[in-house]
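One letter stands for each residue in the lines below.
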Amino acid sequence: MIQTTSDLNLKILAIADGEEDFKIELTKAIHSGLIELKTVYKQGTEAKDEVMIQQIRHKMKPTLAMFEFEELIVEMQNGKEIVEAEGFSNRFSDHALEIDRLVAAEIEKVGMLLK
């Protein structure tokens, strides 16, 4: 299921427990983390650096799980399996484009909550 901006906002509000300042800081942290994921994943792909990709995947996994970025989690798992089985193949390149697209969409969604 694709998470809507409204769904994400409700999750953030629930964790912030009504504290507006905390809600804003949490939203900024999620936004920043997604930007880092996009940047580092792209750098790791270009450098064919499996460790770099693995590190950002591990760093972001708890946030992605907590806020139910399911589509992104599934695609990151696909990438892990591809790189382990085939290395940085054409299939991984296709995966990297999909990750970039998905993360960009999530950055935009979270960014809308900051306005």
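Residues numbered from 1 in each chain as written. Predicted model: local features only at pLDDT ≥ 70, side-chain atom pairs only at ≥ 80, totals over all residues. Heavy atoms only, no water.

K.L.:
Give a detailed account of the packing of aromatic side chains, specifying residues and quantitative values.
P.N.:
Using the criterion set out here, one finds two aromatic pairs in the structure. For the pair Tyr41 and Phe92, a centre-to-centre distance of 6.5 Å together with 15° between the ring planes defines the contact as stacked. Taken together, the positions of Tyr41 in helix α2 (residues 20–47) and Phe92 in helix α5 (residues 90–113) put the pair 51 residues apart, joining distant regions of the chain. Take Phe92: its relative accessible area is 1%, and that puts it in the buried class. Taken together through their ring pairs, the aromatic side chains of Tyr41, Phe88 and Phe92 make up a single cluster. (Phe/Tyr/Trp six-rings, centres within 6.5 Å; stacked < 30°, edge-to-face > 60°. Helix = DSSP H or I, 4+ residues; strand = E, 2+ residues; numbered from the N terminus. Buried < 20%, exposed > 50% of the residue type's maximum accessible area, 1.4 Å probe, protein only.)

K.L.:
Mind laying out the confidence of the model for the protein, listing which residues take part and the relevant values?
P.N.:
With 98% of its residues at a pLDDT of 70 or more, the protein shows a mean pLDDT of 94. Per-element averaging of pLDDT across the protein places helix α1 (residues 5–16) at the bottom with 90 and α2 at the top with 97. (pLDDT = per-residue confidence, 0-100.)

K.L.:
I'd like a rundown of the nonpolar core, residues and numbers included.
P.N.:
In terms of nonpolar packing, the biggest core is built from 26 residues, with Ile30, Leu34, Leu37, Leu64, Phe69 and Leu72 touching the most fellow members. When residues of this core are traced back to their parent elements, those giving at least two are α1, α2, α3 (50–66), α4 (70–86) and α5. Looking at this core element by element, the count peaks at eight residues for α5. Ignoring sequence-local partners within four residues, the contact set of Phe69 consists of Gln3, Leu8, Ile30, Leu34, Thr63, Leu64, Glu106 and Val110. (Core = buried A, V, L, I, M, F, W, Y, C linked by side-chain atoms within 4.5 Å. Contact = heavy atoms within 4.5 Å.)

K.L.:
How would you sum up a negative patch on the surface? Please name residues and give values.
P.N.:
Where like charges cluster on the molecular surface, the negative patch consists of Asp17, Glu19, Glu20 and Asp21. Mapped onto the elements of the fold, Asp17 is located in the loop between α1 and α2. On the accessibility criterion, Asp17 (63% relative accessible area) is exposed. (Patch = residues over 30% accessible without salt bridge, like charges linked within 9 Å, V, L, I, M, F, W, Y side chains within 5 Å. Areas by Shrake-Rupley, 256 points an atom, 1.4 Å probe, with all protein chains shown as cover. Salt bridge = Lys/Arg side-chain N within 4 Å of Asp/Glu carboxyl O. Lys, Arg positive; Asp, Glu negative; His and termini not counted. Charge placed at Lys NZ, Arg CZ, Asp CG, Glu CD.)

K.L.:
How would you explain the environment of His31 if you had to name every residue and give the values?
P.N.:
Relative to the assigned elements, His31 resides in helix α2. Along the backbone, His31 and Val74 are 43 residues apart, and their C-alpha atoms lie at a distance of 19 Å. Leave out the neighbours within four places in its chain, and His31 touches Ile107, Val110, Gly111 and Leu114.

K.L.:
Provide a residue-level description of α2, including the pertinent values.
P.N.:
Along an α-helix, residues three or four positions apart point the same way, because every turn accommodates 3.6 residues. Counted at 1.5 Å a residue, the expected span for α2 with its 28 residues is 40 Å, and the 40 Å between its end C-alpha atoms agrees. Summarising the contacts, the buried residues of α2 are in contact with α1, α3, α4 and α5. (Expected span 1.5 Å × (residues − 1).)

K.L.:
Describe the environment of Ala104, with residues and values.
P.N.:
Tracing the chain through its elements places Ala104 in helix α5. Along the sequence, Ala104 and Lys38 sit 66 residues apart, while their C-alpha atoms lie 7.4 Å from each other.

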